[in-house]
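Each chain, written out:
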Amino acid sequence: RFLERYKATGTSAASPKPGRPPFFTARDGRCISRAYKSNRIASTRSLNGILESNHGLGMSHMTVWRHMKEMGAKKRVLKKAVVVRKPNVIKRLRWVKARRRWTVELDWKCYIFSDECSVQLGRKNSRGELWRTDEEKDRPHLHPSHHQKIVCSMFWGCVS
């Protein structure tokens, strides 16, 4: 067999088997792509329901997940975006440039830096997630700028 295959094809590799035909078409794949891009926080079960009601695509949520994985989409933890406006960026840059040659012994020991921290109580330890590809990592519209708080305690501290 091996020699016959090599003489016939010029290679020792087995020919690809036809296997089961794809369950959905390229059009169905585009529908899945549009659905996840418009509902990035939705689970695959929710996306499956949207696809079934809007496009009549009856498939398993695992089929939706598998296709999204083939497209490069992965479920990622939401990063909280730090919103700093342009005027504040300019002010911070001026402040840093004015103090870049300061030393710890002579200059920085005269200052105290303080910060505050909020801790949410009574909330489940769940993180928000969204679907995105690796190329979409740094797009600001995919990061929330604020979260709704339930019960919050504030803590304040200083460093000199």
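J.: What exactly am I supposed to notice about the overall build of the protein here?
T.: A tally of regular secondary structure across the protein gives 5 helices and 4 strands. Starting at the N terminus and ending at the C terminus, the protein contains elements arranged as α-α-α-α-β-α-β-β-β. Considering the protein as a whole, with its 160 residues, one finds that 18% of them fall into the buried category. Considering only residue pairs separated by 6 or more positions, the protein has 76% of its internal contacts joining residues 24 or more positions apart. Accessible surface computed for the protein: about 13,300 Å², of which carbon and sulfur atoms make up 54%.

J.: What is the right way to look at the packing of helix H3 (residues 44–55) against helix H4 (residues 61–71) in this model?
T.: The packing of two helices is summarised by the inter-axis angle and the distance between the axes. Where H3 meets H4, the axes come as close as 8 Å, and the angle between the chain directions of the two elements is 105 degrees. The angle between H3 and H4 falls in the class roughly perpendicular. Facing Thr 44, Arg 45, Leu 47, Asn 48 and Leu 51 of H3, the residues of H4 in contact are His 61, Val 64, Trp 65 and Met 68.

J.: In this structure, what is going on with the packing of helix H2 (residues 26–38) against H3? I would like to understand it.
T.: Contact geometry of H2 with H3 gives a least axis separation of 10 Å together with a crossing angle of 120 degrees. On the basis of their axis angle, the class for H2 and H3 is oblique. Seen along the crossing, H2 lies across H3 with a hand that is right-handed. Here Cys 31, Ile 32, Ala 35 and Tyr 36 of H2 lie close against H3, whose contacting residues are Leu 47, Leu 51 and His 55. A per-class count over the contact of H2 with H3 returns 6 nonpolar, 1 polar and no charged.

J.: How should I be thinking about the packing of aromatic side chains in this particular structure?
T.: The way to describe two aromatic rings as a pair is by their centre distance and the angle between their planes. Counting across every chain of the model gives 6 aromatic pairs. For the pair Trp 95 and Trp 108, a centre-to-centre distance of 6.0 Å together with 50 degrees between the ring planes defines the contact as tilted. You can see Trp 95 sitting in helix H5 (residues 86–98) and its partner Trp 108 sitting in the loop between H5 and strand E2 (113–121), a full 13 residues away along the chain. A centroid spacing of 6.5 Å and a plane angle of 85 degrees characterise the contact between Trp 95 and Phe 113, whose relative ring orientation is edge-to-face. Separated by 18 residues along the polypeptide, Trp 95 in helix H5 and Phe 113 in strand E2 bring together distant segments of the chain. Taken together through their ring pairs, the aromatic side chains of Trp 95, Trp 102, Trp 108, Tyr 111 and Phe 113 make up a single cluster.

J.: I tried to follow the confidence of the model for the protein on my own but got confused; where do I start?
T.: Interpretation of this model should avoid reading the predicted coordinates in detail wherever pLDDT is low. Residue-level pLDDT values for the protein average 79, and 86% of them are 70 or greater. The weakest mean pLDDT in the protein belongs to strand E3 (residues 129–132) at 71; the strongest belongs to H5 at 94.

J.: Please clarify how H2 should be interpreted in this entry.
T.: For the α-helix, the turn length of 3.6 residues means that residues three or four positions removed from each other point alike. Between its terminal C-alpha atoms H2 stretches 19 Å, which fits the 18 Å expected from 13 residues at 1.5 Å a residue. If you check which residues of H2 are buried, you get Asp 28, Gly 29, Cys 31, Ile 32, Ser 33, Ala 35 and Tyr 36.

J.: Looking at this structure, how should I read the nonpolar core?
T.: Note that soluble globular proteins tend to have their nonpolar side chains buried in a common cluster. If you look at the biggest cluster of nonpolar residues, it comprises 13 residues, and the most contacted ones within it are Ile 32, Tyr 36, Leu 47, Leu 51, Val 64, Met 68 and Trp 131. Those elements that provide at least two residues to this core are H2, H3 and H4. With 4 residues, H2 is the single largest residue contributor to this core. Setting aside its immediate chain neighbours within four residues, Trp 131 contacts Tyr 36, Arg 40, Ala 42, Thr 44, Leu 47, Trp 65, Met 68, Ala 73, Lys 74 and Lys 75.

J.: I'm lost on the environment of Gln 120 in this one. Help?
T.: Within the element layout of this structure, Gln 120 appears in strand E2. The spacing of Gln 120 and Met 154 is 34 residues in sequence and 9.0 Å in space, taken between C-alpha atoms.

J.: Honestly, the side chain of Thr 63 in this entry has me stumped. Any pointers?
T.: Relative to the elements of secondary structure, Thr 63 occurs in helix H4. In contact with Thr 63, not counting residues within four places along its chain, are Phe 23 and Phe 24.

Procedures and definitions
Residues numbered from 1 in each chain as written. Predicted model: local features only at pLDDT ≥ 70, side-chain atom pairs only at ≥ 80, totals over all residues. Heavy atoms only, no water. Helix = DSSP H or I, 4+ residues; strand = E, 2+ residues; numbered from the N terminus. Buried < 20%, exposed > 50% of the residue type's maximum accessible area, 1.4 Å probe, protein only. Contact = heavy atoms within 4.5 Å. Areas by Shrake-Rupley, 256 points an atom, 1.4 Å probe, with all protein chains shown as cover. Axes fitted to C-alpha atoms, helices over the stretch in contact; angles between N-to-C directions. Parallel < 35°, antiparallel > 145°, perpendicular 65-115°, else oblique. Left-handed = near helix turned anticlockwise from the far one by under 90°. Nonpolar A, V, L, I, M, F, W, Y, C, P; charged D, E, K, R; others polar. Phe/Tyr/Trp six-rings, centres within 6.5 Å; stacked < 30°, edge-to-face > 60°. pLDDT = per-residue confidence, 0-100. Expected span 1.5 Å × (residues − 1). Core = buried A, V, L, I, M, F, W, Y, C linked by side-chain atoms within 4.5 Å.

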